[in-house]
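Results of the structural survey
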Amino acid sequence: MHRKFVTVLFSIQLMWCMVTGGSAHAQTPGNDTLKLSLKETEERFVNNNLALIIQRYEISQAQAQIITARLFNNPDFNIANGLYNPETKKYFDMSRNGGEYSAELSQLILTAGKRNKNIQLARINAEQATYQFYDLMRTLKYTLRSDFYKIYFQQQSAGLYQEEINSLSSTLAVFKEQYKKGNIAQKEVLRIQSQLYALQTEQNDLRDAMDDVQSELKLLIRVSPGLTIQPQISTGSDSKPVLENIVYQRLLDSAYTHRADLKSAGLGLEYSKLNLQLQKSMAIPDVSISLAYDKQGSYIRNYTSAGIAFSLPFFNRNQGAIRQARIAVDENKVQLQSQREQVESELDNSYKSALRLERLDSSFDPKFKADFNQLIGEVFKNYQRHNISLLEFLDFYESYKTNTLQFNMLQLNRLTALEQINFVTGTPFFNQ
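Here's what I pulled together on the structure shown here. Keep in mind the model is a prediction, meaning the values are calculated, not measured. (Residues numbered from 1 in each chain as written. Predicted model: local features only at pLDDT ≥ 70, side-chain atom pairs only at ≥ 80, totals over all residues. Heavy atoms only, no water.)

A few points about the sheet that holds strand S7 (residues 287–294)
Ordered in space as S2-S5-S7-S8, the four strands form an open sheet in which the pairing is antiparallel. With one partner strand each, in any of the chains shown, strand S2 (76–81) and strand S8 (303–309) form the two edges of the open sheet. Across the sheet, the mean angle from the axis of one strand to that of its neighbour is 15°, orientation sign disregarded. Note that strand S5 (residues 101–109) and S7 share eight bridges and pair antiparallel. Counterpart to Gln107 in the pairing with S7 is Ile289. (Pairing = 2+ DSSP bridges. Helix = DSSP H or I, 4+ residues; strand = E, 2+ residues; numbered from the N terminus. Axes fitted to C-alpha atoms, helices over the stretch in contact; angles between N-to-C directions.)

See the structure below:
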């Protein structure tokens, strides 16, 4: 009689967890839980992320360099006065007949369009800083969205573990009491106990992984480390096939058009070509024009003059810098080609992986999970009728757990693969 009571109690506990598992997988939020949709998470990221804020300052600094490049050189002015006049025995003699002083005003004029070329280089630097900002955002947003989905499915799996642990912990306590009374064999107690320890170990490993991802996501959006983020996802349309409806060439063209790092590499090539022109123009001497006045230190009194000065490019014609600039052009051409080929390779690999996962997901019968839950009810009846043993029943429950975890992993991998497509193309093709 006692054995039958314990058997029925254990079976009811397991069945309750399985029947209600779909609604109980999510962790119950407490006061330290922050519920966020993906849109809300991205808004916090864009507004609060320190790496993005730092990169915005880099853009501002690069834009300030344009102002500097536009400025003309300041004119030079110098004035000299006699320190001591031995004839009048006066220091700094400024008298009409006895004093001597001179003054000169000069202005450097850049030739061969050097100023305009420096302005253009500064503008390219500012554009590159902007593209670096968007490339950083692309990279961090991929991490953000991947972590968001990972946390969601980890929490679903953690809920499943907790249901099993709660059920087995209660059942183990009852079995121990019945074993003391001699109503059940020790092997049944040990079987439940070993199953419970295995589940607790798996749950602990999962929690360690959850903590790592939670920490990374909280740092990205800058929320208190003490909070637990609970992603809110509408899973109604998660499994709709979307990738097969998009032509591959469209993805590749989008990557060429929107990848900020490719644009930055293109600007790098443009910068090196313009710098080559600048270095060639540096071989042309700049000109300094001047106006001078000398009261009485020259061959006539109140001497005035206009002058022009420039260096003679006999030896240094900027040969080394010109050669370096030519090499930089060739290097940047190769670098741009390398990045384009890398994008093509990344997209090909990501597309194949995402397509396989989408087809695998589509091959699953949407009624499978419901049918599986219904099937376990039949197993429960057979267990009550003693048609299957406790070990067989636990093995079936283990397969239920494994199936649910694998299903969660498949959904996570599929969403992560679609996010990889977004990342590689630099375009939000797939959004929840």
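Brief notes about the layout of surface pockets
The computed volume of the second largest pocket comes to approximately 410 Å³. Considering the residues around the second largest pocket, the lining is formed by 19 residues, among which Arg138, Lys141, Gly426, Thr427 and Pro428 are closest to the centre. Listing elements by their share of the lining of the second largest pocket, those giving two or more residues are helix H5 (114–180), helix H8 (260–281) and helix H11 (390–425). Here the lining of the second largest pocket gets eight residues from one element, more than from any other, and that element is H5. (1 Å grid on protein atoms, 1.4 Å probe; cavity = no way out; pocket = protein on both sides within 12 Å on 5 of 7 lines; lining within 4 Å. Points joined across faces, edges and corners; volume = space filled by probe spheres on them.)

Examining helix H6 (residues 186–221)
Here H6 is 36 residues long and its end C-alpha atoms lie 52 Å apart, about the 52 Å a rise of 1.5 Å per residue gives. Positive backbone phi, at 55°, marks Arg222, one or two positions downstream of H6. (Expected span 1.5 Å × (residues − 1).)

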